[in-house]
Amino acid sequence: MLAFIFDIDGTLVDSNELHVDSWDRAFRRFGKQFSREKLRAQIGKGSDQYLPEFLTPDEIKRFGKALDDFRSELFKNEYLPKVRPFPKVRELFQRIRNDDKRIVLASSGKKADTKYYIDLLKIGDLIEGYTSGDDAESSKPAPDIFAASLEKLGDMSPADALTVGDTRFDIEAARKAGLKTIAFLCGGTSEATLRKAGAVAIYRDPADFLAHYDQLIKEVAPRPE
């Protein structure tokens, strides 16, 4: 195993509930109202996949872009400054790099948000690059973002990389790209849901993964003899 491909929202930063809040306010702005449970259940998708879960094709045509633009600005201005990193992210990335493995980030979010998170996490010197929802025709659970991540790693074989995410959409998207996924519970998805989706290992958060890193490498990604 040569590389890790990390999701960001809910995996490296505590942002999922803030996304729920921003979507709730955006939908209400355009006269639509949904339960937080329903809004939360679709977090992890990019807006291109998220909006069709709640709006009809006609509604998307009439005000989908305006709603998405409003939500993006709202999140950037009011919620992004509230996002906090989960503990031990930089230490985990440093451990991975010390193990001679490469790291790419793969987010369904906007490119500007992704850049903000890289600075927030202070990991710019430890990663080889990132892909965002802006780099793919379709966001998660489509495989496009993970496929683009493999290209950033030099068209690496899916067998040589592991993804790390926090939602079933990360796992589904990765599987479509031929990748296995380690899942974190810190994004709010239940362990049962993540196991059912096909996670090969589950940890509480980045700090828990760091504590069990050596064991994970032995079990999931053994070194060649």
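Our subject is the structure listed above.
Residues numbered from 1 in each chain as written. Predicted model: local features only at pLDDT ≥ 70, side-chain atom pairs only at ≥ 80, totals over all residues. Heavy atoms only, no water.

Caption draft 1: Fine view of the side chain of serine 47. Relative to the helices and strands, serine 47 resides in helix α3 (residues 47–50). Look at serine 47 and you get buried, because its relative accessible area is 17%. When sequence neighbours within four positions are dropped, the list of residues in contact with serine 47 reads Trp23, Pro52, Asp68 and Lys110. (Helix = DSSP H or I, 4+ residues; strand = E, 2+ residues; numbered from the N terminus. Buried < 20%, exposed > 50% of the residue type's maximum accessible area, 1.4 Å probe, protein only. Contact = heavy atoms within 4.5 Å.)

Caption draft 2: Inspection of helix α5 (residues 89–98) at higher detail. Val89, Leu92, Phe93 and Ile96 are the residues of α5 that are buried. The arc enclosing the buried residues of α5, seen along the axis, measures out at 95 degrees, which places them on a common side. Positive backbone phi, approximately 60 degrees, marks aspartate 100, located one or two places after α5. (Arc of directions from axis to C-beta.)

Caption draft 3: How the structure looks around the pairing of strand β4 (residues 102–106). Taken across its five residues, β4 has four buried, putting it largely inside the fold. Relative to β4, strand β1 (residues 3–6) is paired through four bridges, and the arrangement is parallel. Within the sheet, the bridge partner assigned to phenylalanine 4 lies in β4 and is isoleucine 103. Where β4 meets strand β5 (residues 130–131), two bridges bridge the pair, whose relative direction is parallel. Residue pairing for β5: leucine 105 is matched across the bridge by tyrosine 130. As a crossover connection, the stretch from β4 through helix α6 (residues 111–121) into β5 is right-handed. (Pairing = 2+ DSSP bridges. Right-handed = clockwise from strand over helix to strand, strands pointing away.)

Keep in mind that these numbers describe shape and distance, not what the molecule does.
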